[in-house]
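Architecture at a glance
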Amino acid sequence: MNKKLINGIQQIGVGTDDADRTFQWYAVVMGADIPVFEDSNEATYMAPYMGGTSHKKKAILAVNLQGGGGYEHWQYLDRQPSFPSEAVRMGDFGINVAAIKSQNIERSFQRMKGLGITLLSDIVTAPDQKRCFYVQDPWRNMLQVKESSEWFLKGKNDVGGVFGCIIGVSDIEKSKKLYSDILEYDQVVYDQTGTFDDLNGLPNGTGRFRRILLTHSAERKGGFAPLFGKSYIELIQSVDNHVPKKIFAERYWGDVGFIHLCFDIRNIAAMVQECAEKGFPFKVRSSDSFDMGEANGSWGYLEDCDGTLIEVVETHKVPILKKLNWYIRLNKREPQKSLPRWVIKALRFKRVKI
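Read on for a plain summary of the structure.

Thresholds applied
Residues numbered from 1 in each chain as written. Predicted model: local features only at pLDDT ≥ 70, side-chain atom pairs only at ≥ 80, totals over all residues. Heavy atoms only, no water. Buried < 20%, exposed > 50% of the residue type's maximum accessible area, 1.4 Å probe, protein only. Helix = DSSP H or I, 4+ residues; strand = E, 2+ residues; numbered from the N terminus. Contact = heavy atoms within 4.5 Å. Patch = residues over 30% accessible without salt bridge, like charges linked within 9 Å, V, L, I, M, F, W, Y side chains within 5 Å. Areas by Shrake-Rupley, 256 points an atom, 1.4 Å probe, with all protein chains shown as cover. Salt bridge = Lys/Arg side-chain N within 4 Å of Asp/Glu carboxyl O. Polar contact = N/O pair within 3.5 Å; in protein donor to acceptor, adjacent residues only side chain to side chain. Pairing = 2+ DSSP bridges. Phe/Tyr/Trp six-rings, centres within 6.5 Å; stacked < 30°, edge-to-face > 60°. Lys NZ or Arg CZ within 6 Å of the ring centre and 35° of its normal.

**Quick look at unusual backbone geometry**
Residues other than glycine predominantly adopt negative phi, and peptide bonds predominantly adopt the trans conformation. If you check the backbone angles, Arg140 has positive phi at about 75 degrees while not being a glycine. On the basis of relative accessibility, which here comes to 47%, the residue Arg140 falls in the partly exposed class. Despite not being glycine, Asn204 shows a phi value in the positive range, around 65 degrees. Summarising the element assignment, Asn204 is placed in the loop between strand 12 (187-194) and strand 13 (209-215). For Asn204, a relative accessible area of 17% translates into the label buried.

**Comments concerning the side chain of Glu234**
Note on placement: Glu234 falls in strand 14 (residues 232-238). Judged by its relative accessible area of 3%, Glu234 falls in the buried class. Dropping the residues within four chain positions of it, Glu234 is found in contact with Cys165, Ile166, Ile167, Tyr190, Arg211, Ile212 and Leu213.

**A few points about a nonpolar patch on the surface**
A grouping of Val28, Leu115, Val352 and Ile354 is seen on the molecular surface, where their side chains present a nonpolar patch of about 330 Å² in accessible area. Residue position: Leu115 is located in the loop between helix 2 (105-114) and strand 7 (118-119). Residue Leu115 is classed as partly exposed on the basis of its relative accessible area, which comes to 45%.

**Re the pattern of salt bridges**
Throughout the structure, instances matching the rule amount to 21 salt bridges. Here Arg211 ties to Glu234 by a salt bridge, and the two come within 2.4 Å at their closest N and O atoms. Pair noted here: Arg211 is in strand 13 and Glu234 is in strand 14, with a separation of 23 residues, a long-range link. In this pair, the class of Arg211 matches that of Glu234, namely buried.

**Here's the deal with helix 3 (residues 172-182)**
For helix 3, the set of buried residues is Ile172, Ser175, Leu178, Tyr179, Ser180 and Ile182. N-cap assignment for helix 3: the residue whose side-chain oxygen lies 3.0 Å from the backbone N of Glu173 is Asp171.

**Here we look at the pairing of strand 1 (residues 5-16)**
Buried residues dominate strand 1, accounting for 12 of its 12 residues. Where strand 1 meets strand 15 (residues 257-266), nine bridges bridge the pair, whose relative direction is antiparallel. Bridging across to strand 15, Gly13 finds its partner in His260. Here strand 1 pairs with strand 5 (residues 70-76) via six bridges, running parallel. The residue bridging Thr16 from the neighbouring strand is Gln75, located in strand 5.

**Topic: the packing of aromatic side chains**
Per the counting criterion, the structure on display carries 11 aromatic pairs. Ring centres of Trp74 and Tyr76 lie 4.9 Å apart, and the angle between their planes is 85 degrees; on these two criteria the pair is classed as edge-to-face. On the numbers, 5.1 Å between centres and 90 degrees between planes, the contact of Phe109 with Phe133 is edge-to-face. Placement of Phe109 in helix 2 and of Phe133 in strand 9 (residues 131-136) is noted, with a sequence separation of 24 residues between them. Among the aromatic side chains, those forming a connected cluster through ring pairs are Tyr45, Trp74, Tyr76, Trp253, Trp299 and Tyr301. Between the NZ or CZ atom of Arg211 and the centre of the ring of Phe196, over which it lies, the distance is 4.6 Å. Sitting over the ring of Phe349, Arg348 keeps its end group 4.7 Å from the ring centre.

Shape is all these values report; function is a separate question.
And the structure:
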């Protein structure tokens, strides 16, 4: 295999001041109650984004087994994480909103309302005619809960995992060279410019924007692709007098907020080469075999045109039941062959009851 293979969105990075607490919140509210791995090693490779030095950290990768990507709850252990000085405003450069799939939008809305979750909108209709609503987690991150008909499993949870995000950019056409060409979000669901009722409850949401929702025309294959499922990237560009800011300007990567969007891939070497040739060189690259707690793989980071960090991970080994020495070894499998559904479902044995 001499080309990259994108399996799907693996996770969105959630910088936090308390990884255990964010895990609990996302487990209860978003059903992400399966910790795939927990890692407390020192972060060394990301030093350029952490003030030029390594830092001790804790990271928990958690998923919702009904389908979608997960959350990497990431916490500094040797410094106090910094919150943004002001609320993220729509159109600011970086990940504005994480998109979460719902199989019953009314049920999701009423449940979260009953839990006392901060609601930023009623149920509204997005430009693709899908119903959604917006909430805020206790760390001021904005999440869009949106109806979806695509599921790996349909269980008791009314919500699944991450199936996209809204990213603020300065120039959509330039940004598409990464998101559409390299990351293969080549299909336009909508491309509209104006004001949008569904954003009214969000900071700067009454502004004028160009919004383009992208998805991939080809079905994702390989490994955990059936779990990750189809995903969407929405690029949003402010076209009025609002001057966007970089969400992590004057802060470290790993501080509070959405710190990266991560893709699960095969053949990271081919992707490194392609990105370099197309003007998006990797800024960080791990060793070929890197331990992430009980998991193992190879990973790296690149930036989009506005500095938003995109992570790619080539997963080699994932623990299922450590006491039985049961690991999934993806690097020994045919790249385009998905794992059997029963193997992916076996992650349920790691579920944490909260």
